[in-house]
Amino acid sequence: MDFLIFAGFLSLGGLYFIVLNQTKNRLNLFLNNYSEISDRQALNAYKALVRYCMYHALVGIGAALGVFILSAFSIITLGSRVSFGFPLMIWIAYSGKNSSNLEKKAQSLPCANRQFESQYQRITEAWKKKALPDF
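**Side note on the pattern of salt bridges**
Side-chain pairs of opposite charge can arise where the charged atoms are in close proximity. Within this structure, the stated rule accounts for two salt bridges. For the salt bridge of Glu 125 with Lys 129, the shortest nitrogen-to-oxygen distance reads 3.3 Å. Of the two residues, Glu 125 and Lys 129 both sit in helix α4 (residues 114-129), four residues apart, roughly one turn of that helix. Two residues, Asp 134 and Lys 130, come together in a salt bridge whose shortest N-O distance is 2.5 Å. Overall, the relative accessible area of 42% leaves Asp 134 in the partly exposed class.

**What to know about the environment of Gln 115**
Residue position: Gln 115 is located in helix α4. Put simply, Gln 115 and Gly 62 are 53 residues apart on the chain and 36 Å apart in space, counted from C-alpha to C-alpha.

**A few points about the side chain of Ser 71**
Inspection of the secondary structure puts Ser 71 in helix α2 (residues 40-78). Relative accessible area serves as the criterion here: at 2%, Ser 71 is assigned to the buried category. Within the local environment of Ser 71, its side chain forms a polar contact with the backbone oxygen of Val 67, the two atoms lying 2.8 Å apart.

**Observations concerning the packing of helix α1 (residues 2-33) against α2**
Interaxial distance between α1 and α2 falls to 9 Å at its minimum, and their mutual angle equals 160 degrees. Here α1 is positioned roughly antiparallel relative to α2, judged by the angle of their axes. Note on packing geometry: the crossing formed by α1 with α2 is left-handed. For the contact of α1 with α2, the class distribution of residues is 21 nonpolar, nine polar and two charged.

**Observations regarding the packing of α2 against α4**
Orientation of α2 relative to α4, taken along the N-to-C sense of each, is 5 degrees, at an axis distance of 10 Å. Looking at the two axes, α2 sits roughly parallel to α4. Contacts between α2 and α4 pair Arg 40, Leu 43, Tyr 46, Lys 47, Leu 49, Val 50, Cys 53 and Met 54 from the former with Gln 115, Phe 116, Gln 119, Tyr 120, Ile 123, Thr 124, Ala 126 and Trp 127 from the latter. Here the contact of α2 with α4 is built from residues that sort into 11 nonpolar, three polar and two charged.

**A closer look at the nonpolar core**
The biggest cluster of nonpolar side chains holds 21 residues, and the ones touching the most others in it are Phe 30, Ile 37, Tyr 46, Leu 49, Ala 106 and Trp 127. Only α1, α2, α3 (85-106) and α4 provide two or more residues apiece to this core. Sorting elements by how many residues they give to this core places α2 first, with seven residues. Formed by nine residues, the second largest nonpolar core is a distinct cluster that contains Tyr 16, Leu 20, Ala 63 and Leu 70.

**Considering the confidence of the model for the protein chain**
Keep in mind that low pLDDT regions are not for reading the predicted coordinates in detail. A residue-level look at the protein chain finds 93% of positions with pLDDT of 70 or above and a mean pLDDT of 88. Here α3 stands out as the least confident element of the protein chain, with mean pLDDT 80; α4 is the most confident, with 96.

Thresholds applied
- Residues numbered from 1 in each chain as written.
- Predicted model: local features only at pLDDT ≥ 70, side-chain atom pairs only at ≥ 80, totals over all residues.
- Heavy atoms only, no water.
- Salt bridge = Lys/Arg side-chain N within 4 Å of Asp/Glu carboxyl O.
- Helix = DSSP H or I, 4+ residues; strand = E, 2+ residues; numbered from the N terminus.
- Buried < 20%, exposed > 50% of the residue type's maximum accessible area, 1.4 Å probe, protein only.
- Polar contact = N/O pair within 3.5 Å; in protein donor to acceptor, adjacent residues only side chain to side chain.
- Axes fitted to C-alpha atoms, helices over the stretch in contact; angles between N-to-C directions.
- Parallel < 35°, antiparallel > 145°, perpendicular 65-115°, else oblique.
- Left-handed = near helix turned anticlockwise from the far one by under 90°.
- Nonpolar A, V, L, I, M, F, W, Y, C, P; charged D, E, K, R; others polar.
- Contact = heavy atoms within 4.5 Å.
- Core = buried A, V, L, I, M, F, W, Y, C linked by side-chain atoms within 4.5 Å.
- pLDDT = per-residue confidence, 0-100.

Structural data, given as structure tokens:
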């Protein structure tokens, strides 16, 4: 039983790590290529980035929720033993901060004109407030 729980933590932690690093890499690539939303290509790249981040966030949330559930299960079944999940949950909370800073940079780029700015703001609001993209 201990091995299965440990394997579950390892799998979920690995999934979260992969999702987080892919998202950070995609954010960095976008921010290196675009310092402002100046044309249709930049806006389309932003849309693609936001879709990618939103879908990956759902997977990351699922992995983090899985770690939490597995932690509770391990405490119930293993009694007073220390759960592997608590250090993993602390790492998940801490590691998401850097990605959040990159997201904030991408969400605050200047726009070249009002048409792009209104679309950019609508996409950004969807990113901040919705689970799935609607653009």
